[in-house]
Amino acid sequence: MLDFLFFVEVLLSGLLTGALYSLVALGFVLIFKASGVFNFAQGAMMLFAALSLVGVQEMLGVHWTIAFIITVGIMIALAWCVEKFVLGKLVNQEPIILFMATIGVTFFLDGFGQTIWGSDIKILDIGLPNGAFDVGGVFIDQLELVAGLTAGALVIILAIFFNKTKIGRALRAVADDHQAAMSVGISLRYIWIVVWTVAGLVGLVAGIMWGSKLGVQFSLSLIALKALPVLMLGGFTSIPGAIVGGLIIGAGEKLAEIYVGDLVGGAIENWFAYMLAMVFLLFRPQGLFGEKIIERV
Amino acid sequence: MTEQTVNPGEVLLEVEDISLSFGAVRAISDVSFDIKKGEIRAIIGPNGAGKTSMLNCINGFYHPQQGTITYKGQKRSQMKPYEAAAQGIARTFQNVALFRGMTTLDNIMTGRNLKMKSGLFSSMLWWGSAQKEELEHRRYVEDIIDFLEIEAIRKTPVGRLPYGLQKRVELGRALAAEPELLLLDEPMAGMNLEEKEDMCRFILDVNDEFGTTICLIEHDMGVVMDISDRVMVLDYGGKIGDGLPEEVRSNQKVIDAYLGGGH
Ligand SMILES: Nc1ncnc2c1ncn2[C@@H]1O[C@H](COP(=O)(O)OP(=O)(O)OP(=O)(O)O)[C@@H](O)[C@H]1O
Ligand SMILES: [Mg+2]
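Residues numbered from 1 in each chain as written. Chains lettered and ligands numbered in written order. Predicted model: local features only at pLDDT ≥ 70, side-chain atom pairs only at ≥ 80, totals over all residues. Heavy atoms only, no water.

*Asks:* What exactly am I supposed to notice about the sheet that holds strand S2 (residues 25–36) of chain B here?
*Replies:* The strands making up a sheet associate through hydrogen bonds between their backbones, and the pairing can be parallel or antiparallel. Residues and elements named next belong to chain B. Across the sheet, which stays open at both edges, the four strands sit in the order S2-S1-S4-S5 with antiparallel pairing between neighbours. If you trace the sheet from one side to the other, it starts and ends with S2 and strand S5 (74–76), each paired once. Neighbouring strand axes in the sheet, compared pairwise and without regard to direction, differ in orientation by 20° on average. For strand S1 (residues 11–22) and S2, the ladder comprises eight bridges, and the chain directions are antiparallel. Paired with Val11 across the two strands is Lys36, which belongs to S2. (Pairing = 2+ DSSP bridges. Helix = DSSP H or I, 4+ residues; strand = E, 2+ residues; numbered from the N terminus. Axes fitted to C-alpha atoms, helices over the stretch in contact; angles between N-to-C directions.)

Put into C-alpha cells, the structure is as follows:
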C-alpha cells in the first residue's frame, strides 16, 4: 500500500513537471505550425520573458501584475522586431536558413537580456504557493500543481482561440498554404507577428513557472532542450501532441529515475527523455499526432 | 451554356505594357490588355505562355519589372496580395490550393476573412459579439454551399475530396469574398465532361446573378469559345491575339501557335 502511494506520488509529480515541458514545447509547435520554422530561440524567449518580468518589477517597484502587463508589451514588441528585422527579410528562403536566423535571435536575446537585466540569478516571486500538501497519504507539491493547472488552462484557451476565432482560422490557413492564405486577404506579416507574440506569451508563462521553481537564471534557456524529446514524441505540428508528449516524458523520467535509476547507477533523469524519444522515433517517425513531418523538415 | 452576357461596360482593370522576367526567363513581355466590368474574359495560350504569371501580377503575387496595372481607375505599384484581396480581387489556383487540414465549411469561411470585422483583441474582449458575427458569415457561406451544390461535403476535410470537388470548394472560397474581379486559373482542368458542365454553369451564374467580372485561363477551346465574351491569347510571353471568340479562332497567328505548340 505504501509502495503504491509512493508510486502515485512520483507519477503525479512527474506529470506535473511534464506539464511544464509541454508549455515549452507548445511555443515551438505554434511557430512551426504557422511558419514552418523550427524556432531555436524558444528557450531564450522564455528566459528573456522571465528576466524582463523580474527586471521590470525590480526597476519600477510595481506589483507583479503591472510588471506582467508591461512584459506582455515587451513580448509583442519582440515579435514585431523578429518579423520586421529577421523573418520578413527571409521570406521564401529555405527552412534551414530560417532556422539559422532563429539561432541568431537566440544569441541576441541571451546577450541583450543579460546586458539590460544583469546576469546573476534572480528570485522570481509572484506569490505562487510553496511546499507540499497531503492528500490521503500522497504528497503534492503546490507549485507543481499550480503549474499543471496553468498549463491546462492555457491549452484550453489556445484551443478555443485556434478553432473559434477568425484569427485562429487564419493561422491554420497560413499553416496549410501560404499562397492561398494571402489570396483571401490574410497578411503573412500580421499572422507571423501574432504567432510569435503568442509563442512569446506561452514562453512568459512557462518562464514564470520554471523561474518560480528554479530561480531566473541562464540555465532556464537550456530547459528548452527538454522540449526536443517532447516534440519528437508528440510531433512538431500537434498541440495535443505537445501536451501528451510532455506528460509522458515528465512521468517517464521521474519513474525511471526512482525505479530504474539505482539499477544503472543513477542520474538517469538527464538522458532518459532522449532515449525514450529515440526508441519511439524508430516506430513512429511522425510522432504521436504529427502530420507530414517528412515533407516539411 | 449558350447564353452570353455582352457588356460593353467601362474598364475595370487595365494592364499596360507589362514585362516580367525570372532571371533569364521572360515570362511576360510588353503585354497590354483590359478587363471590362461584368465580362467573362478568357486568357489562352500554350503551356508556359505566361498565363498564370499574368494572374499572379494582377493579384499581387508577382510585381512586373515594367509597365503599369490600373484597377478601378487607380494605378498601383508593388501591391501586396492581401491588398489586392481587400480591393475585391479573389482567385483560384491552377494546382488547387486549399487548406487541406480544414473542412469544406472552414475553407470557405476563410474567404470571409476580410469581411469579418472583429480583430484579435476585440474578439477576446467581446466574445459574444464576435460569435454573433461568426454566425452571420456562416449563413452567407451556407448560401454559397447551396449554390455550388456541395451540402453533402460540408464537414469533410478537403484533403479527402476528389479533385473535381476540391476545385468547386476553391471556387466557393473565392466567392465568399464577394469579389468584384474573380480570377480563375484553369477551373476545369482534370475534370470529366459532367463536372466541366457544372463548372461552366456556376461560372455563368456567378457572372449573371452577381455581376461578377471574371477572368479565366482555360485550355478547353470548346468551353472558352462558349462562355467568354472576349479572349486574349499569349504565346512565349507575348500577346498574339485579342478579341471576340470568333475573331481569335480565325486569327492565323493563333492557329500557328497552337499547331506549333503541339496542341
Ligand atoms: N516563380 C517563378 N520562378 C521562375 N520562373 C517562373 C516562375 N513562374 C513562372 N515562371 C516561368 O515563366 C514562364 C511562364 O509560366 P506560367 O506559369 O505563367 O505559364 P502558363 O501559361 O500558366 O503555363 P501552363 O499552361 O503550363 O500553366 C514559364 O517559363 C515558367 O517556367
Ligand atoms: Mg498556368
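The rest of the description comes next.
*Asks:* Honestly, the domain arrangement of chain B in this entry has me stumped. Any pointers?
*Replies:* Quoted interface sizes are often the accessible area lost when the parts come together. Residue and element names in this part refer to chain B. Domain assignment breaks chain B into domain 1 (1–88 + 178–263) and domain 2 (98–176). A separation of 26 Å is found between the C-alpha centroids of domain 1 and domain 2. A combined buried area of about 1400 Å² lies between domain 1 and domain 2, and 66% of that area is made up of carbon and sulfur atoms. In terms of surface lost to domain 2, no three residues of domain 1 exceed Glu178, Met199 and Phe202, which account for 40% of the buried area on that side. Our count for the contact surface shared by domain 1 and domain 2 stands at three salt bridges. Note that Arg201 and Glu149 form a salt bridge whose closest N and O atoms lie 3.3 Å from each other. Linking domain 1 with domain 2 are six residue pairs in polar contact (both at pLDDT 80 or more). Those elements giving two or more residues to the side of domain 1 that touches domain 2 turn out to be helix H2 (81–86), strand S7 (181–185) and helix H7 (193–210). (Domains from an automatic or database assignment. Buried area = accessible area lost by both parts, 1.4 Å probe. Salt bridge = Lys/Arg side-chain N within 4 Å of Asp/Glu carboxyl O. Polar contact = N/O pair within 3.5 Å; in protein donor to acceptor, adjacent residues only side chain to side chain.)

*Asks:* How should the environment of Gly9 of chain B be read in this particular structure?
*Replies:* Tracing the backbone through its elements, the reader meets Gly9 of chain B in the segment before S1. Once the C-alpha coordinates of Gly9 of chain B and Tyr62 of chain B are considered, the two residues, 53 residues apart in sequence, prove to be 28 Å apart.

*Asks:* Whenever I open this one, the packing of aromatic side chains confuses me. Can you help?
*Replies:* To describe a pair of aromatic rings, one takes the distance between the centres and the angle between the planes. Residue and element names in this part refer to chain A. Per the stated rule, a full pass over the model turns up 16 aromatic pairs over all chains. Geometrically, the ring pair formed by Phe38 and Phe99 is tilted, given 5.8 Å between the ring centres and 50° between the ring planes. In this pair, Phe38 sits in the loop between helix H1 (2–35) and helix H2 (42–60) while Phe99 sits in helix H4 (residues 95–117), placing the two residues 61 residues apart along the sequence. Note on Phe161 and Phe162: the rings are 5.9 Å apart at their centroids and 80° apart in plane angle, and the pair reads as edge-to-face. This pair shows no difference in class: Phe161 is buried, exactly as Phe162 is. (Phe/Tyr/Trp six-rings, centres within 6.5 Å; stacked < 30°, edge-to-face > 60°. Buried < 20%, exposed > 50% of the residue type's maximum accessible area, 1.4 Å probe, protein only.)

*Asks:* Sorry, what's going on with the coordination of the magnesium ion (ligand 2) here?
*Replies:* Octahedral metals with six donors have ideal donor angles of 90 or 180 degrees. Tetrahedral metals with four donors have an ideal donor angle of 109.5 degrees. Residue and element names in this part refer to chain B. Taken together, Thr52 (OG1) and Gln94 (OE1) make up the protein donors of the magnesium ion (ligand 2), found 1.9 to 2.1 Å from the metal. Residue Thr52 is located in helix H1 (residues 51–58), and its partner Gln94 is located in the loop between strand S6 (89–91) and helix H3 (104–110); the two are separated by 42 residues in the primary sequence. For Gln94, a relative accessible area of 29% translates into the label partly exposed. (Donors = N, O, S within 2.8 Å, 3.2 Å for Na, K, Ca; no water.)

*Asks:* When you look at empty space enclosed by the protein in this model, what are you seeing that I'm missing?
*Replies:* If you roll a probe as big as a water molecule over the atoms, it shows you where there is empty space left. Residues and elements named next belong to chain B. Per the stated rule, a full pass over the model turns up five cavities of 30 Å³ or more. Roughly 60 Å³ of internal volume is contained in the second largest cavity. As for the second largest cavity, its lining consists of Thr92, Phe93, Lys167, Glu170, Leu171, Leu184, Asp185, Pro187 and Met199. Of all elements in the fold, only helix H6 (163–176) and S7 reach the threshold of two or more residues within the lining of the second largest cavity. The element best represented in the lining of the second largest cavity is H6, accounting for three residues. (1 Å grid on protein atoms, 1.4 Å probe; cavity = no way out; pocket = protein on both sides within 12 Å on 5 of 7 lines; lining within 4 Å. Points joined across faces, edges and corners; volume = space filled by probe spheres on them.)

*Asks:* Honestly, unusual backbone geometry in this entry has me stumped. Any pointers?
*Replies:* A negative phi angle characterises most non-glycine residues, just as the trans form characterises most peptide bonds. The phi angle at Asp30 of chain B is positive, at roughly 45°, despite the residue not being glycine. Positive phi values are uncommon outside glycine, yet Glu178 of chain B reaches one of about 45°.

*Asks:* What am I meant to see in the pairing of strand S3 (residues 40–44) of chain B here?
*Replies:* Along a regular strand, successive side chains alternate from one face of the sheet to the other. Extensive coverage of S3 of chain B is indicated by the burial of five of its five residues. Residues of S3 of chain B alternate between two faces, with Ile40, Ala42 and Ile44 of chain B on one and Arg41 and Ile43 of chain B on the opposite face, all of them buried.

*Asks:* Looking at this structure, how should I read the packing of helix H11 (residues 239–259) of chain A against helix H12 (residues 269–283) of chain A?
*Replies:* Two quantities define a packed helix pair, namely the angle between the axes and the distance from one axis to the other. Residues and elements named next belong to chain A. Two elements in contact, H11 and H12, have axes whose closest approach is 9 Å; the angle formed by their N-to-C orientations is 130°. Taken together, H11 and H12 sit at an angle that is classed as oblique. By crossing handedness, the relation of H11 to H12 is classed as right-handed. Contacts between H11 and H12 pair Ile248, Ile249, Gly252, Glu253, Lys254, Ala256 and Glu257 from the former with Glu269, Phe272, Ala273 and Leu276 from the latter. Partitioned by chemical class, the residues of the contact of H11 with H12 number six nonpolar, one polar and four charged. (Parallel < 35°, antiparallel > 145°, perpendicular 65-115°, else oblique. Left-handed = near helix turned anticlockwise from the far one by under 90°. Contact = heavy atoms within 4.5 Å. Nonpolar A, V, L, I, M, F, W, Y, C, P; charged D, E, K, R; others polar.)

*Asks:* It is not clear to me how the sheet that holds strand S9 (residues 230–235) of chain B should be interpreted in this structure. Could you clarify?
*Replies:* Residue and element names in this part refer to chain B. Taken in spatial order, the six strands make up an open sheet running S6-S7-S8-S3-S9-S10, and their pairing is mixed. The sheet is open, and its two edges are formed by S6 and strand S10 (238–243), each paired on a single side. Across the sheet, the mean angle from the axis of one strand to that of its neighbour is 20°, orientation sign disregarded. Looking at chain direction, S6 and S7 are connected through three bridges and run parallel. Within S7, the position partnered with Arg91 by the bridge is Leu183. Across the sheet, H6 lies against S6 and S7, angled at about 160° from S7, the strand it touches most.

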